[in-house]
Amino acid sequence: MPLLRKVDAVVLAVPSLEVGIAFYGDRLGHRLLWRNDAAGQAGLGLPDSDTELVLSTRVPSETDWLVDDVDQAVAGFCAAGGTVVQPPVPIPVGRVAVVQDPFGNDVTLVDLSAGRYRTDATGSVNGHD
């Protein structure tokens, strides 16, 4: 079975959530799915995919690859010849790590072992499943 399941999110760095949401949401028409001010992130929907467009004030632009288990994925990636850039750490919805392939590409691995965000009517995060 392949290690990378699908693209979970494309993260774009923005100076503030307000200006990011105004551009990608209001002007480009992407629907706000969730907003987590404590994490400095907001997730917007892509109409033909369940991949999220995540705006972030705290992390650089990156592509997040969904895996079943971050710790196992890191071990498998390294066994295949990759290296660890950032070891697995917890995030509100699971775990994340950054590895690097033999060609110098950073690959962000995410699992949703703690569930997906739960939101209120305004899209503000109020927990996770």
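Residues numbered from 1 in each chain as written. Predicted model: local features only at pLDDT ≥ 70, side-chain atom pairs only at ≥ 80, totals over all residues. Heavy atoms only, no water.

A. Here's a closer look at the nonpolar core. In terms of nonpolar packing, the biggest core is built from nine residues, these being Val67, Val70, Ala73, Val74, Phe77, Ala97, Val99, Val107 and Leu109. Listed by contribution, the elements that provide at least two residues to this core are helix 2 (70-79), strand 7 (94-100) and strand 8 (106-111). Considering each element in turn, this core owes the most residues, four residues, to helix 2. Non-local contacts of alanine 97, meaning those with residues more than four positions away in its chain, are made with Val70, Val74, Gln86, Pro87, Pro88, Val107, Thr108 and Leu109. Judged by nonpolar contacts, the second largest core, of seven residues, contains Val14, Leu17, Ile21 and Leu53. (Core = buried A, V, L, I, M, F, W, Y, C linked by side-chain atoms within 4.5 Å. Buried < 20%, exposed > 50% of the residue type's maximum accessible area, 1.4 Å probe, protein only. Helix = DSSP H or I, 4+ residues; strand = E, 2+ residues; numbered from the N terminus. Contact = heavy atoms within 4.5 Å.)

B. How the structure looks around the confidence of the model for the protein chain. Averaged over the protein chain, the pLDDT score is 93; the fraction of residues at 70 or greater is 96%. Confidence, expressed as mean pLDDT per element, reaches its minimum in the protein chain at strand 10 (residues 125-128) with 67 and its maximum at helix 1 (residues 17-27) with 98. (pLDDT = per-residue confidence, 0-100.)

C. Molecular detail of the sheet that holds strand 3 (residues 41-46). Spatial ordering of the open sheet is given by 2-3-4-1-5-8-7-6, a layout of eight strands whose pairing is mixed. Each edge of the sheet is formed by a strand with only one pairing partner; in this case those strands are strand 2 (32-36) and strand 6 (83-91). When strand polarity is set aside, the average angle formed by the axes of neighbouring strands in this sheet is 25°. When strand 2 meets strand 3, the two strands line up antiparallel, connected through four bridges. (Pairing = 2+ DSSP bridges. Axes fitted to C-alpha atoms, helices over the stretch in contact; angles between N-to-C directions.)

D. Structural view of the side chain of aspartate 64. As for its position among the elements, aspartate 64 is in strand 5 (residues 62-66). On the basis of relative accessible area, aspartate 64 is assigned to the buried category, the value being 10%. Apart from the residues within four sequence positions on either side, aspartate 64 is in contact with Lys6, Val7, Asp8, Ala9, Val11, Thr108 and Val110.

E. Representation of helix 1 within the structure. Within helix 1, burial applies to Leu17, Gly20, Ile21, Ala22 and Gly25. Looking at the buried side of helix 1, the elements it contacts are strand 2, strand 3 and strand 4 (49-56). Phi turns positive one or two residues past the end of helix 1, at glycine 29, with a value near 85°.

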